[in-house]
Amino acid sequence: MIRYSRLRTFAAGLSMMISGVFLTATATADVYWDQKTSLFELLPIENDDIVFLGNSITDGGEFNELFGMNNIKNRGIRSDVIPGVEKRLPQVTSGHPKKIFLLIGINDVSHGLSVDQLAARYRSLVAKIKEQSPDTELFIQSVMPINNSITKYKSLIGKEKTIRQFNERIKAIAESAGATYVDLWPALADGKGNLKKAYTNDGLHLTGAGYKAWRDAIRELVVSE
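One structure accompanies this document, and this report is about it. (Residues numbered from 1 in each chain as written. Predicted model: local features only at pLDDT ≥ 70, side-chain atom pairs only at ≥ 80, totals over all residues. Heavy atoms only, no water.)

1. Brief notes about the environment of Asn55
Stated formally: Helix and strand assignments come from DSSP, with helices taken as H or I runs of at least 4 residues and strands as E runs of at least 2, each series counted from the N terminus. Think of it in three bands: with a 1.4 Å probe and only protein chains considered, a residue is buried below 20% of the maximum accessible area for its type, exposed above 50%, and partly exposed in between.
Of note, Asn55 is situated in the loop between β1 (50-54) and α2 (56-59). Judged by relative accessible area, Asn55 falls into the buried class, the value being 1%.

Here it is as structure tokens:
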């Protein structure tokens, strides 16, 4: 009886510890989201701007330097998801930018959503962009490949099929909305469909070489009038 009680106490403590770690990570993401959106509120988008919109992969890019263009604005936020982008969308669309390069969805995949649920979220976001800024040229980029041989993200293990199926739906959403779909896999994936090891050190995020490959893949779309 004492042993059972101890085991139950240990299990309860372990559960609380895991929950605490999850809640701390979520709270940290929310704090960062609030910090970034409060900053973006002070930095209005203008109609000649080119906006990169997304999560941590976008957040980590120095795009105005990569492209040598001062009118590129980075509106990526670490850990963001599709509903998070939709919530802060007016900060971008109110300025009616020239172009938007959208890259979002991998964090939603990691949350265990079905392809139908992912597509429904994405369709809603794209509809809002087109409704709020109809003259903006929208470039919808595929969710990038991952590499689970070196990943630090257990929530993405086994998600390769989901990502591929989600990208098929994203492409269809882009086409139906009159947006340009940009498949990044030819530039970033190896022969097995994994993110090239030369482009990542954690299986998800890009190194400098990865950002350079991404830049080269979309350069003409960014710089063209």
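2. Quick look at a nonpolar patch on the surface
The line we're drawing: Patch membership requires over 30% relative accessible area and the absence of a salt bridge. Like charges are linked within 9 Å, and nonpolar side chains (Val, Leu, Ile, Met, Phe, Trp, Tyr) within 5 Å. For the accessible areas, the method is Shrake-Rupley and the probe is 1.4 Å, while residue cover comes only from the protein chains on display. Whenever Lys or Arg places a side-chain nitrogen within 4 Å of a carboxyl oxygen from Asp or Glu, that contact is recorded as a salt bridge.
Where nonpolar side chains cluster on the molecular surface, the patch consists of Leu39, Leu42 and Leu43 and spans about 290 Å² of accessible area. Relative to the assigned elements, Leu42 resides in the loop between α1 (2-40) and β1.

3. What to know about the pattern of salt bridges
Going through the model one piece at a time under the given rule, you end up with 10 salt bridges. Arg169 is the partner of Asp116 in a salt bridge, and the nearest nitrogen-oxygen pair spans 3.0 Å. Of this pair, Asp116 sits in helix α7 (residues 115-132) while Arg169 sits in helix α8 (residues 160-177), and the two are 53 residues apart along the sequence. The exposed category is assigned to Asp116, whose relative accessible area is 52%. By relative accessible area, Arg169 is classed as partly exposed at 28%.

4. Considerations on the sheet that holds strand β4 (residues 137-141)
Backbone hydrogen bonds hold the strands of a sheet together, and the pairing may be parallel or antiparallel. Going by this rule: For two strands to count as paired, DSSP must find a minimum of two bridges between them. Think of each axis as a best-fit line through the C-alpha atoms, taken over the contacting stretch in the case of a helix, with angles from 0 to 180 degrees between the N-to-C directions. Residues are treated as being in contact if the distance between any of their heavy atoms lies within 4.5 Å.
Read from one edge of the open sheet, five strands run β2-β1-β3-β4-β5, paired in parallel fashion. Each edge of the sheet is formed by a strand with only one pairing partner; in this case those strands are β2 (72-76) and β5 (180-182). Neighbour-to-neighbour, the strand axes of the sheet open up by a mean angle of 20°, direction not taken into account. Here β1 runs beside strand β3 (residues 99-103); their pairing, made up of five bridges, is parallel. Pairing of Val51 across the sheet is with Ile100, part of β3. Packing of α8 onto the sheet brings it into contact with β4 and β5, and relative to β5 it is tilted by some 155°. On the sheet, helix α10 (residues 208-223) packs against β1, β2, β3, β4 and β5 and is oriented at approximately 155° with respect to β3.

5. What about the nonpolar core?
When a protein is soluble and globular, its nonpolar side chains tend to lie buried together. The cut-off we apply is this: Residues enter a nonpolar core if they are buried and are Ala, Val, Leu, Ile, Met, Phe, Trp, Tyr or Cys, with the set joined through side-chain atoms within 4.5 Å.
Residues Phe52, Tyr122, Trp214, Ile218 and Val222 are the most contacted members of the largest nonpolar core, which totals 55 residues. The leading source of residues in this core is α7, at six residues. Leave out the neighbours within four places in its chain, and Ile218 touches Phe52, Phe67, Phe101, Gln141, Val182 and Leu184.

6. Some points on the pairing of β4
Put simply, the test is: Throughout, right-handed denotes a crossover for which the path from the first strand over the helix to the second runs clockwise when the strands point away from the viewer.
Among the five residues of β4, four are classified as buried, and the element is accordingly described as predominantly covered. In this structure, β4 lies alongside β5, joined through three bridges in parallel fashion. Counted as the bridge partner of Phe139 is Thr180 from β5. In the classification by handedness, the crossover that spans β4, the intervening α8 and the parallel β5 is right-handed.

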